[in-house]
Amino acid sequence: MKISYNWLKEYLPKEEVFAHYVNSVEKLSAILTSVGLEVEALEVYESVPGGLEGLIVGEVLTCIKHPNADRLRLTTVNTGKEILQVVCGAPNVAAGQKVILAQPGVKIFPFKDEPFTIKKSKIRGEESNGMICSEDEVGLGPAHEGIVVLDANAVPGTPVQQLFNIQKDHIFEIGLTPNRMDDQSHLGVAKDICAWLSHHTGHKANINSPLGAPFSIQGHSFKIDVEIKNPQLCSRYAGVVVSGVTITDSPEWLQNRLKSLGMKPINNVVDITNFILHTTGQPLHAFDADKIGKNRIIVETLKEGTPFTTLDEKQRKLSAEDILICDGNNTPMCIAGVFGGIETGVTASSKNIFIESAVFNPVNIRKTMIRHDLRTDAASRFEKGVDVGKSVEVLKYAANLISDLGKGKIASEIVDVFHKPEDRVIDLSFGYLKKLSGKEFRAESVVGILSSLGFVIKNKNEKSITVVAPASNPDISLPADVVEEILRIDGLDNIEIPKGVTMVPGSNDRSVEFNFYEKLASWLTGNGFREIFTNSITSDRNTEPDDVPVRIMNSLSEDLTILRTHMLPEGLESIAYNLNRQNKDLLFFEFGKTYSAADDKYYEKNHLSLYCTGDYQKKSWRGAEKAVDIYFMKGIAQSIFALAGINCETKTDANGSIVFLFEKEEIGKAFEVSKNKLEISGIRQPVFSLDLNIDLLKEVALSQIVKYKPVSKFPSVTRDIAMIIDKEISFGEIEKTIHDSGLKKLTGIRMFDLYESDKLGANKKSIALSLSFADEQKTLTDEETDTMMQKAIRALSKQVNAEIRTHA
């Protein structure tokens, strides 16, 4: 969240005792961070980029046609100290003008382009000692048709920045946590600073609030009735009409306020609602009062699929959960708290304005915002909660501003439908405060801090205090919440660290599980893999049609709305991030969880996921590079299974993925990521993945009984066999066929050659295997080995229709 220093300073106390803190950007940054509003960045803002630094007033003495160019002019310019020759291409340049001159060495900041430094140069053979500037060349605006002509009384050599009202400001970028809905505005931040100043200086610091100014109704020509159909969806709705308003540009001070936070001024009415939002945290909406049917406002929901055209001229299908602001004809005018409608919005011809100040249900607003992909400033405030007690005060402030800047008059009584929530009364014992904070607080300090934050003190004795939580903090309901507020204002950096810490040794009944994970991680890192950690909260975009995701109730972003249902999307993000930084050869692994929902319950599943791309072996004097492929992933999987002490069957599915089975249950899958998924992630090279069911793998591995077995005293025997088979038959099927033939003394099967050619026949391939046999009791004879080989050959011929070429 952005906070303007100049804007904030208007609401801070002006007394000399506070000047040391208030007049220092650095001091305020430290205070903000101390109270939990961490300043993540501090930027300088200038209403004109670069502040026109180094530019001076020049007087054009002569202006003649360039001898070598039809569209250029050769001018002489008086700088106040010397006469310079400057080549200019502007059609409006003329002798006698006062202009903006950028001399060699001056850095200028164009309206949209990157800044650059002026250099002495030759243009079409004529020397040019600077540049006579247009509006867009120095950041004053978008106009570029000709140079800026200054007032005739401007003195040559005068710094141009003295002729313009350039606003300079510092912008705090605050990392606002979701529970700090009371700090979503300049007044909210000022409240925390004043509480800190009061506590740490011993002098009461009061906010210079613009709220509460005199408010007078100048007519009763309008009466707008309001009905709230469901108070659970809208706890308060207030409004007032300002008539005879002139829609025009906002004054410069208001435009600069908005621009400093990166907003574009639109007109005085819209700008005032945005200004109020960032001042108070209360979103407002302005309607054209003449377009409100039957002079009636109804807050309600409409049936599923009702069409509605919003301000961006898009027709949207409404949900039955969307809160709507309708008129007396039940015609929707606005998606409450999110986005206005095109029919009743304020236009240049609007004269009578109805201003809305309301409080809507945060859950509905959040769902609507995500459903329609409309993350507006107003919606982001409503989804966290706004101060239900300040709606009318803010409304009066807005009406006064619109009446003043729009030359209108307040033409109706304030209508206010308010379903007041119950007070949140909290008892806090000082013993609990000490236990939780680790610090002894004086009762007077506690009262002072809580009063400064808007708590109402109901009762206090030597052991406890009873308070009513402020409406600006709807999430405060427990004693622990009150302790947090006290610690914030005392300073999170003032939490005392004890001299000694007492620790009680504990036992970890998951140590065997952790050791298993560590064993796998050590093996993977030893083989060139790097472990990654990705966010388990992701976007709806990363789901498949059949997924039932677990949704986040308090989503911070449209990209963080559900718990992930698959590991792959976040893994691809990490791959893409590294590829974009020229890291082309990547071997990643991650232990993580996926989540799903069913029957009002949610389920977790643990995974070990690998993501690989590029080369796994670099080119060297020992050989060429080797690229990751599906067989590399299969080899890694089989090594992991061997490490876990289990044997798995393999099969290839219709998509070419290799599926690993343990006792007919899928334990993992190796696959090449589809081109569609790679395109979505912006990846232009093949990526392979291995996803293992770590829960099943762990269960099987930890149930294995490890037994010592001495190295055999007798040598093993190896025989080779070559055969022609159909192309669709996988090595896994061949391996299973040989194992199922009952060769008890078979110790290993290895494929060492694969050959494919039309010469072998249509849809045929040739493979060569090496079979190993051993007997722990004796040395195998050739006759015994030949018998086992014949048995394997018969099984292969029968089961996979293999044509045996050779065997030895």
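Scroll up for the structure.
Residues numbered from 1 in each chain as written. Predicted model: local features only at pLDDT ≥ 70, side-chain atom pairs only at ≥ 80, totals over all residues. Heavy atoms only, no water.

1. Quick notes on the overall build of the protein chain
For step 1, the next point in the chain: Within the protein chain, the regular secondary structure consists of 19 helices and 43 strands.
For step 2, the next point in the chain: For 808 residues, the compact-globule formula gives about 28 Å, and the C-alpha radius of gyration of the protein chain, at 37 Å, lies well above that figure.
For step 3, the next point in the chain: Seen through its principal axes, the protein chain has C-alpha atoms that stretch 115 × 90 × 65 Å.
For step 4, the next point in the chain: Residues counted as buried form 48% of the 808 residues belonging to the protein chain.
For step 5, the next point in the chain: Restricting to contacts in the protein chain with at least 6 residues of sequence separation, those with at least 24 account for 69%.
For step 6, the next point in the chain: For the protein chain, the computed accessible surface area is about 41800 Å², with 49% contributed by carbon and sulfur atoms.
For step 7, the next point in the chain: Distance from the positive charge centre (94 side chains) to the negative charge centre (109 side chains) of the protein chain: 2 Å. (Helix = DSSP H or I, 4+ residues; strand = E, 2+ residues; numbered from the N terminus. Rg over C-alpha atoms; globule rule 2.2 N^0.38 Å. Buried < 20%, exposed > 50% of the residue type's maximum accessible area, 1.4 Å probe, protein only. Contact = heavy atoms within 4.5 Å. Areas by Shrake-Rupley, 256 points an atom, 1.4 Å probe, with all protein chains shown as cover. Lys, Arg positive; Asp, Glu negative; His and termini not counted. Charge placed at Lys NZ, Arg CZ, Asp CG, Glu CD.)

2. Here's the deal with helix α17 (residues 694–703)
For step 1, the next point in the chain: Among all positions in α17, only I694, L696, L697, K698, V700 and A701 are buried.
For step 2, the next point in the chain: Near the N-terminus of α17, the side chain that reaches the backbone nitrogen of D695, with its oxygen 3.2 Å away, is that of N693. (Polar contact = N/O pair within 3.5 Å; in protein donor to acceptor, adjacent residues only side chain to side chain.)

3. Here we look at the sheet that holds strand β29 (residues 537–538)
For step 1, the next point in the chain: Spatial strand order, β29-β31-β30: three strands in an open sheet with antiparallel pairing. The open sheet has two free edges, formed respectively by β29 and β30 (550–551), since each of these has just one partner strand.
For step 2, the next point in the chain: Inspection of the sheet shows β29 paired to strand β31 (residues 562–563) by two bridges, in the antiparallel sense. Looking at β31, one finds that I537 is bridged to L563. (Pairing = 2+ DSSP bridges.)

4. Focus: the sheet that holds strand β1 (residues 2–4)
For step 1, the next point in the chain: Strands sit in the order β1-β12-β2 across an open sheet of three strands; the sheet is antiparallel. Both edges of this open sheet fall to β1 and β2 (38–46), since each of them pairs with a single strand only. Within this sheet the neighbouring strands show an average axis-to-axis angle of 25 degrees, counted without direction.
For step 2, the next point in the chain: Note: β2 against strand β12 (residues 168–175), eight bridges, orientation antiparallel. Directly across from E38, in β12, lies its bridge partner G175.
For step 3, the next point in the chain: Together, β2 and β12 form the strand contacts of helix α3 (residues 25–34), whose direction differs from that of β2 by roughly 150 degrees.
For step 4, the next point in the chain: Packed onto the sheet, helix α5 (residues 252–260) meets β1, β2 and β12 and runs at close to 135 degrees relative to β2. (Axes fitted to C-alpha atoms, helices over the stretch in contact; angles between N-to-C directions.)

5. Overview of the pairing of strand β19 (residues 324–327)
For step 1, the next point in the chain: In β19, alternate side chains face the same way, and those of L324 and C326 on one face and I325 and D327 on the other are all buried.
For step 2, the next point in the chain: Pairing analysis gives four bridges linking strand β16 (residues 296–300) to β19, with the strands arranged antiparallel. Bridge pairing in β19 links E300 to L324.
For step 3, the next point in the chain: Pairing of β19 with strand β20 (residues 332–335), which is carried by three bridges, proceeds in the antiparallel orientation. If you follow C326 over to β20, its bridge partner there is P332.
For step 4, the next point in the chain: Counting the residues between successive antiparallel strands, the hairpin from β19 to β20 contains four residues, one of them, N330, with a positive phi of roughly 60 degrees.

6. Notes on helix α18 (residues 731–740)
For step 1, the next point in the chain: Turning to α18, its buried residues are F731, G732, I734, E735, T737 and I738.
For step 2, the next point in the chain: In this structure, the buried residues of α18 make contact with α15 (630–644), β36 (649–652), β40 (717–726), β41 (746–756), β42 (764–773) and α19 (782–799).

7. Quick look at the packing of α3 against helix α4 (residues 186–201)
For step 1, the next point in the chain: The geometry of α3 relative to α4 is characterised by a closest axis approach of 10 Å and an angle of 95 degrees between their N-to-C directions. Comparing the axis directions of α3 and α4 gives the class roughly perpendicular. Mapping the contact onto sequence places L28, I31, L32 and S34 in α3 and V189, I193, W196 and L197 in α4.
For step 2, the next point in the chain: Broken down by class, the residue content of the contact of α3 with α4 amounts to seven nonpolar, one polar and no charged. (Parallel < 35°, antiparallel > 145°, perpendicular 65-115°, else oblique. Nonpolar A, V, L, I, M, F, W, Y, C, P; charged D, E, K, R; others polar.)

8. A short note on the side chain of S437
For step 1, the next point in the chain: Following the sequence through the fold, S437 ends up in helix α10 (residues 430–437).
For step 2, the next point in the chain: Residue class for S437 comes out buried when judged on its relative accessible area of 9%.
For step 3, the next point in the chain: Polar contacts involving the side chain of S437 include one to the main-chain carbonyl oxygen of L433, which spans 2.6 Å.
For step 4, the next point in the chain: Polar side-chain contacts of S437 include one of 3.2 Å to the backbone nitrogen of K439.
For step 5, the next point in the chain: In contact with S437, other than residues within four places in its own chain, are V483, L487 and I495.

9. A word on the environment of Q638
For step 1, the next point in the chain: Turning to its location among the elements, Q638 is positioned in helix α15.
For step 2, the next point in the chain: We classify Q638 as partly exposed; its relative accessible area is 33%.
For step 3, the next point in the chain: For Q638 and F660, which are 22 residues apart along the polypeptide, the C-alpha to C-alpha distance reads 9.0 Å.

10. Notes on the side chain of K634
For step 1, the next point in the chain: Relative to the elements of secondary structure, K634 occurs in helix α15.
For step 2, the next point in the chain: For K634, the contacting residues outside a window of four places in its chain are T650, I658, F660 and F731.

11. Focus: the packing of aromatic side chains
For step 1, the next point in the chain: Taken as a whole, this structure holds 11 aromatic pairs when the rule is applied.
For step 2, the next point in the chain: For the pair F360 and F382, a centre-to-centre distance of 5.2 Å together with 65 degrees between the ring planes defines the contact as edge-to-face. One end of the pair, F360, is in strand β22 (residues 353–360); the other, F382, is in helix α8 (residues 377–382), and 22 residues separate them in sequence. The same class applies to F360 as to F382, namely buried.
For step 3, the next point in the chain: Considering the side-chain rings of F516 and Y517, the 6.5 Å spacing of their centres and the 45 degrees angle between planes classify their relative orientation as tilted. (Phe/Tyr/Trp six-rings, centres within 6.5 Å; stacked < 30°, edge-to-face > 60°.)

12. Quick notes on the environment of R805
For step 1, the next point in the chain: With respect to the secondary-structure elements, R805 resides in strand β43 (residues 803–807).
For step 2, the next point in the chain: The class for R805 is partly exposed, based on a relative accessible area of 47%.
For step 3, the next point in the chain: Taking C-alpha positions, R805 is 91 Å from N23, a pair spaced 782 residues apart along the chain.
For step 4, the next point in the chain: Sequence-distant contacts of R805, defined by excluding residues within four places in its chain, comprise A722, M723, I724 and S766.
For step 5, the next point in the chain: Polar contacts involving the side chain of R805 include one to the side chain of S766, which spans 2.9 Å.

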